[in-house]
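The chain contents come next:
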Amino acid sequence: MPMKKINFIKNCLLLGCLILTYSACRKDAKPIPEVVTTITKADTGALSGLYVLNEGNMGSNKASLDFLDYSTGKYHKDIYEQDNPGVVKGLGDVGNDLGIYGSKLFIVVNNSNLVEVVNARSGKHINFVSIQNCRNVTFTNGKAYVSAYLGIVGDPKAPNGAVYEIDTATLQITRKVTVGRQPEEMAIVNGKLYVANSGGYSPPNYERTVSVVDLASFTVIKLIDVAINLEKVKADQYGDLYVTSRGDYYSIPPDLYVIDTKTDSVKKDFKLPVSNLWIKGDTAYMYSVAFSYVTGKNTISYGMIDVKTETVLNKQFITDGTDKQIAVPYGIAVNPVTGEVYVADAKDYVTPGTLYSFDTNGKKEWQVTTGDIPGHFAFLYNSTQNKN
């Protein structure tokens, strides 16, 4: 979560509490009417659809789930409410990550301290797993791995974070390992789980390591020194990890690093601000929203990297000027079949956002209104077992 957003949340705390009080008491509320928008042509290919998770501003209990149905070309808003009218508080407070494994969709709801599990086809609630201050999820070999800050949100004295192992069949927590403070994204390569530690609750005393967890023993076997305030971790097909640092929002700018998982060491510093990225094949699509307390402004940029040669490409994935319309890029995904690039715009963090789709030439195909703070994506395949 960017610092600008955190400041905005603090300024709106009273309003958020009032909204939360209302939403927590909506046992008798009428079902929200379904909102469906036709945005693209029908496609009956390998993909069934795209889930879009909207975070919702912290304290507002407005996390929501949208779905783009590729078979009809229609975008369905707030489907969790539609599919689960009996769940009193809806999806919860701050939808921070999601992922599909097998027939289940796992949704990490940070400020509600739970991982909501629904049927990936029907959207129906199956169960939930309680994990305090949970953040991100990844999967392998029948297990889900969830990172968690632990402690109270924003507490500089919070304990070290942890990663929980969940059996995806029984939805029971099977193991737990302690990592660094305020762990964020994770990636799995060759039997090892890599965890980005941020230390974001106690600036300027940020963490600067990636914890390497041996999945067989579920113990930390190494700490890789990278940079301060780490967040994203993405694996390419060559055994390398692309790790983002958010900097300190003052004199240390955001940056992107590459870790060689064969040696478990940093092999490259791009000296390039990157907030988020999505890797498809040999190409990483990325954007940066670099907030500075000195100027009080965001500096926004977009770019592409060839991960095979580890070089920045002299090209853009938005070529028609639409990037000037995007107030705050907050999420990115690349269609694994068509190569279309999806960019989510969080706008002002309190009103509905926008999802944009760009073709392989960088031209806008369509845009659609989402829930508040869209930022996380999961592709649903037509096959019985979803690819991960």
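Colleague: Is there a simple way to explain the nonpolar core in this structure?
Modeller: The nonpolar side chains of soluble globular proteins are, as a tendency, buried together. Among the nonpolar cores identified, the biggest contains 19 residues, and Tyr 285, Phe 317, Ile 326, Ile 332, Val 341 and Val 343 are the most heavily contacted of them. Elements with a minimum of two residues in this core: strand S22 (283-292), strand S23 (297-306), strand S25 (329-334), strand S26 (341-345) and strand S27 (352-358). Each residue touching Ile 326, except ones within four places of it in the same chain, is listed here: Tyr 302, Ile 318, Val 343, Asp 345, Tyr 356 and Phe 358.

Colleague: Can you help me understand the sheet that holds strand S12 (residues 173-178) in this one?
Modeller: Within a sheet, adjacent strands bond to each other through the backbone by hydrogen bonds, running parallel or antiparallel. Strand order in the open sheet made by the 4 strands is S9-S10-S11-S12, with antiparallel pairing throughout. This sheet does not close on itself; its edge strands, each paired only once, are strand S9 (134-140) and S12. Mean inter-strand twist for the sheet, computed between neighbouring axes without regard to direction, equals 20 degrees. By the bridge criterion, 6 bridges tie S9 to strand S10 (residues 143-148) in an arrangement that is antiparallel. Residue Thr 138 lies in a different strand from S10, and its bridge partner there is Tyr 145.

Colleague: How do you make sense of the pairing of S26 when you look at a structure like this?
Modeller: Within a regular beta strand, the side chains point alternately toward one face of the sheet and then the other, so they alternate between its two faces. In terms of residue burial, S26 counts as a mostly covered element, since 5 of its 5 residues are buried. Burial along S26 is two-sided: Val 341, Val 343 and Asp 345 facing one way and Tyr 342 and Ala 344 facing the other are all buried. Here S25 pairs with S26 via 5 bridges, running antiparallel. Across the sheet, the residue bridging to Ala 333 is Tyr 342, located in S26. Linking S25 back to S26 in an antiparallel pair, the connection comprises 6 residues, with Gly 339 at a positive phi of about 80 degrees. Judged from the 5 bridges that link them, S26 and S27 form a sheet pairing that is antiparallel. Its bridge partner being in S27, Asp 345 is matched across the sheet by Thr 354. Between the end of S26 and the start of S27, which pair antiparallel, lie 6 residues, with Lys 347 showing a positive phi angle near 55 degrees.

The rules behind the values
In this numbering scheme, every chain counts its residues from 1 along its sequence in written order. In keeping with the model being predicted, local features are shown solely for residues with a pLDDT of at least 70 and side-chain atom pairs are shown and tallied solely at 80 or more, while totals for entire chains, interfaces and linings include all residues. Hydrogens and water are ignored here; the side-chain numbers use all heavy atoms of the structure. The definition of a nonpolar core used throughout is a set of buried Ala, Val, Leu, Ile, Met, Phe, Trp, Tyr and Cys residues joined through side-chain atoms within 4.5 Å. Relative accessibility decides the category of a residue: with a 1.4 Å probe and only protein chains considered, values under 20% of the type maximum give buried, values over 50% give exposed, and everything between is partly exposed. Secondary structure counts use DSSP, requiring at least four H or I residues in a row for a helix and at least two E residues in a row for a strand, with both numbered from the N terminus. Residue contacts are defined here by distance: any two heavy atoms, one from each residue, within 4.5 Å place the two residues in contact. Any two strands are treated as partners once DSSP identifies two or more bridges connecting them. For helices, the fitted line uses only the C-alpha atoms of the stretch in contact; every axis is such a line through C-alpha atoms, and the angle between N-to-C directions lies from 0 to 180 degrees.

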